[in-house]
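This is what each chain is made of:
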Amino acid sequence: MIQGGRDRGLIIHKLFEEVLANETGDDRDALIERAAALIRAKRKFVTDNPKDGLSPGEIAGCIVRTLSLPEIVALRPTLVPEFPVHASETVEGTEHITNRIADAINIGTDDIQAIVD
């Protein structure tokens, strides 16, 4: 059992951003160290057991497994982290605007090839 939640999600997103921006190493030890620092920065308890709360080892494992997915391995050299995405759609005469930030995108020669979120 993994104790999930908002803080775990924010730490995972921050680690992905840092790894893709080459600010944090992608090896397990570097990820564990950085995850622990991010947990402490949120003034949360660091635990070895993910059932009990935020576990740097579990979070690092999630990042390592995701970065090992064949689709991510293929895209990784060209992924741009934390990319703003905007859209507009008119439904029954009313315009709906969407503003989000994708975890990462892959930009091809002329357009976006993939969005990772």
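It should be noted that the structure appears before, not after, this text.
Residues numbered from 1 in each chain as written. Predicted model: local features only at pLDDT ≥ 70, side-chain atom pairs only at ≥ 80, totals over all residues. Heavy atoms only, no water.

Caption draft 1: Expanded view of the nonpolar core. Within the largest apolar cluster, 16 residues are counted, with the highest numbers of intra-cluster contacts made by Ile11, Ile12, Leu15, Leu31, Ile59, Ile63 and Leu67. Breaking this core down by element, the ones donating at least two residues are α1 (6-20), α2 (28-41) and α3 (56-67). Every residue in contact with Ile11, bar those within four places of it in the chain, is listed here: Leu38, Ile39, Lys42, Leu54 and Ile59. (Core = buried A, V, L, I, M, F, W, Y, C linked by side-chain atoms within 4.5 Å. Buried < 20%, exposed > 50% of the residue type's maximum accessible area, 1.4 Å probe, protein only. Helix = DSSP H or I, 4+ residues; strand = E, 2+ residues; numbered from the N terminus. Contact = heavy atoms within 4.5 Å.)

Caption draft 2: Quick look at the pattern of salt bridges. Applying the stated criterion across every chain, the model contains six salt bridges. Look at the salt bridges and you will find they share partners, linking Asp7, Lys42 and Lys44 into a network. (Salt bridge = Lys/Arg side-chain N within 4 Å of Asp/Glu carboxyl O.)

Caption draft 3: Region of interest: the side chain of Thr47. Looking at the element boundaries, Thr47 is found in the loop between α2 and α3. If sequence neighbours within four positions are ignored, Thr47 has contacts with Asp52, Gly53, Leu54, Ser55 and Pro56.

Caption draft 4: Quick peek at the pairing of strand β3 (residues 112-116). Strand direction decides the pairing type here: strand β2 (residues 94-107) and β3, joined by four bridges, are antiparallel. Counted as the bridge partner of Ile105 is Ile115 from β3. Count of turn residues in the β2/β3 antiparallel hairpin: four residues. (Pairing = 2+ DSSP bridges.)

Caption draft 5: Broad picture of the packing of α1 against α2. For the pair α1 and α2, interaxial distance at closest approach is 10 Å and the crossing angle is 130°. By the angle between their axes, α1 is oblique relative to α2. As α1 packs across α2, the resulting crossing turns out to be right-handed. Of the residues in α2, those touching α1 at Ile11, Lys14, Leu15, Glu18 and Val19 are Leu31, Arg34, Ala35, Leu38 and Ile39. Of the residues belonging to the contact of α1 with α2, the class tally is seven nonpolar, no polar and three charged. (Axes fitted to C-alpha atoms, helices over the stretch in contact; angles between N-to-C directions. Parallel < 35°, antiparallel > 145°, perpendicular 65-115°, else oblique. Left-handed = near helix turned anticlockwise from the far one by under 90°. Nonpolar A, V, L, I, M, F, W, Y, C, P; charged D, E, K, R; others polar.)

Caption draft 6: Seen up close, the pairing of strand β1 (residues 79-91). Pairing of β1 with β2, which is carried by twelve bridges, proceeds in the antiparallel orientation. From the neighbouring strand, His86 faces β2, where its bridge partner is Asn99. The hairpin turn running from β1 into β2, its antiparallel successor, is two residues long, and Glu92 in that turn takes a positive phi close to 50°.

Caption draft 7: Geometry of the packing of α1 against α3. Between α1 and α3, whose axes approach to 10 Å, the crossing angle comes to 50°. Viewed along their axes, α1 and α3 adopt a mutual orientation that is oblique. Crossing geometry of α1 relative to α3 is assigned as right-handed. Of α3, the residues touching α1 (which contributes Arg8, Ile11, Ile12, Leu15, Phe16 and Val19) are Glu58, Ile59, Cys62, Ile63, Thr66 and Leu67. Looking at the contact of α1 with α3, its residues break down into nine nonpolar, one polar and two charged.

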